[in-house]
Amino acid sequence: MQIEKYIADKITSLCEKRDISKYRLSQLSGISQSSLGRIMAQETVMSMLRGLRK
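Here we summarise the structure given alongside this text. (Residues numbered from 1 in each chain as written. Predicted model: local features only at pLDDT ≥ 70, side-chain atom pairs only at ≥ 80, totals over all residues. Heavy atoms only, no water.)

Details of the overall build of the chain
For step 1, the next point in the chain: Scanning the chain from N- to C-terminus turns up four helices and zero strands.
For step 2, the next point in the chain: Reading the chain from its N end, one meets helices and strands in the order α-α-α-α.
For step 3, the next point in the chain: For the chain, the residues scored as buried account for 20% of the 54 residues in total.
For step 4, the next point in the chain: Across the chain, the fraction of contacts at a sequence separation of at least 24, relative to all contacts at a separation of at least 6, is 47%.
For step 5, the next point in the chain: On the chain, roughly 4200 Å² of surface is accessible, and the fraction owed to carbon and sulfur atoms is 52%. (Helix = DSSP H or I, 4+ residues; strand = E, 2+ residues; numbered from the N terminus. Buried < 20%, exposed > 50% of the residue type's maximum accessible area, 1.4 Å probe, protein only. Contact = heavy atoms within 4.5 Å. Areas by Shrake-Rupley, 256 points an atom, 1.4 Å probe, with all protein chains shown as cover.)

Things to note about the pattern of salt bridges
For step 1, the next point in the chain: On inspection of all chains with the given rule, the structure shows one salt bridge.
For step 2, the next point in the chain: Between Lys-5 and Asp-9 there is a salt bridge, with the nearest N and O atoms lying 2.9 Å from each other. Highlighted residues: Lys-5 and Asp-9, both in helix H1 (residues 3-18), separated by four residues, approximately one helical turn.
For step 3, the next point in the chain: Residue Asp-9 is classed as partly exposed on the basis of its relative accessible area, which comes to 32%. (Salt bridge = Lys/Arg side-chain N within 4 Å of Asp/Glu carboxyl O.)

A short note on the packing of helix H2 (residues 22-29) against helix H3 (residues 33-40)
Each pair of packed helices gets described by two things: the angle between the helix axes and the distance between those axes.
For step 1, the next point in the chain: Viewed as axis vectors pointing N to C, H2 and H3 meet at an angle of 120°, and their least axial separation amounts to 9 Å. Between H2 and H3, the crossing angle belongs to the class labelled oblique. Viewed along their axes, H2 and H3 form a crossing whose handedness is right-handed. The segment H2 lies against H3, with Lys-22, Tyr-23, Leu-25 and Ser-26 engaging Gln-33, Leu-36 and Met-40.
For step 2, the next point in the chain: For the contact of H2 with H3, the per-class residue count stands at four nonpolar, two polar and one charged. (Axes fitted to C-alpha atoms, helices over the stretch in contact; angles between N-to-C directions. Parallel < 35°, antiparallel > 145°, perpendicular 65-115°, else oblique. Left-handed = near helix turned anticlockwise from the far one by under 90°. Nonpolar A, V, L, I, M, F, W, Y, C, P; charged D, E, K, R; others polar.)

With respect to the environment of Ser-21
For step 1, the next point in the chain: Structurally, Ser-21 is set in the loop between H1 and H2.
For step 2, the next point in the chain: Judged by its relative accessible area of 39%, Ser-21 is partly exposed.
For step 3, the next point in the chain: Polar side-chain contacts of Ser-21 include one of 3.0 Å to the backbone nitrogen of Arg-24. (Polar contact = N/O pair within 3.5 Å; in protein donor to acceptor, adjacent residues only side chain to side chain.)

Take a look at the structure:
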């Protein structure tokens, strides 16, 4: 399994388990909705994570 798919699936699973929307997750985490959307669309996660370190 690709890391992008694993991360997107894990986020979806945890949101369902905790009964929160992805919008609410973006509010709680401080990650913008657009960044979260790119993660969920399985775009290049590793390059996005590198950007968060800055």
